[in-house]
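Close look at the chain arrangement
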Amino acid sequence: MENKFLQLVFASNLQIVKVAEKEILSFLMREANISTDELLEFKLIVNELLINAVVHGNKEDSSKSVKVKIGIVDKKLSYIVVEDEGEGFDIDRVFKEYTPYDEKDEIEDLYEFGRGLMIVASLCEKVKQNQKGNKIVALRRLKKEEDCYA
């Protein structure tokens, strides 16, 4: 079994999110040989998780940090673990309360909280959190090269 991983720790600053995201995506391209389509999906996953940690978890307090670990297992499975220093949240509540747009809804009444996590959940096989709610783990199978061009 071949495992590769990358660990990062950075201050809660939205400018640094872009740097961390670039490093993570470079790691994925180098170690998992993913397609452009898959890279775009990973970019969305990573971006949503990191921004949530900085903005919602650490409230953009640059004295607090975000820890990230991303790994590849046997070039078949990827995982990303993002942990902030915030108070946490209840992911099950987010999934329960988030409701997609319905044509009869008034646009100004739409509930916006949790949209990013719903996107992440739709692109991953599994999304879990720790008991406190300040650490999230997302698992995603890597596509085989022939799946990318089918």
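Our subject is the structure that appears above.
The sections below set out a description of the structure shown in this document. (Residues numbered from 1 in each chain as written. Predicted model: local features only at pLDDT ≥ 70, side-chain atom pairs only at ≥ 80, totals over all residues. Heavy atoms only, no water.)

We now examine helix α4 (residues 115-123). Of the positions making up α4, those classed as buried are G116, L117, V120 and L123. Buried residues along α4 cover an arc of 125 degrees about the axis, so they all sit on one side. (Buried < 20%, exposed > 50% of the residue type's maximum accessible area, 1.4 Å probe, protein only. Helix = DSSP H or I, 4+ residues; strand = E, 2+ residues; numbered from the N terminus. Arc of directions from axis to C-beta.)

Looking now at the pattern of salt bridges. Counting across every chain of the model gives seven salt bridges. Residues K4 and E2 are paired through a salt bridge, measuring 3.7 Å at the closest nitrogen-oxygen approach. Overall, the relative accessible area of 32% leaves K4 in the partly exposed class. K4 is the partner of E31 in a salt bridge, and the nearest nitrogen-oxygen pair spans 3.6 Å. Taken together, the residues E31 in helix α1 (residues 14-32) and K4 in strand β1 (residues 3-11) connect sequence positions 27 residues apart. Salt bridges sharing partners connect three or more residues here, namely E2, K4, R30 and E31. (Salt bridge = Lys/Arg side-chain N within 4 Å of Asp/Glu carboxyl O.)

You can see N134 is positioned in the loop between β4 (126-129) and β5 (135-141). Note on N134: relative accessible area 6%, which makes it buried. A polar contact is formed between the side chain of N134 and the backbone oxygen of D84, at a distance of 2.8 Å. Once residues within four sequence positions are removed from consideration, N134 is found in contact with V82, E83, D84, G86 and G88. (Polar contact = N/O pair within 3.5 Å; in protein donor to acceptor, adjacent residues only side chain to side chain. Contact = heavy atoms within 4.5 Å.)

Before going further, it helps to examine unusual backbone geometry. In this structure, N33 is a non-glycine residue whose phi angle is positive, near 50 degrees. With respect to the helices and strands, N33 occurs in the loop between α1 and α2 (36-57). For N33, a relative accessible area of 56% corresponds to the exposed category.

Taken by themselves, the reported measurements are silent on function.
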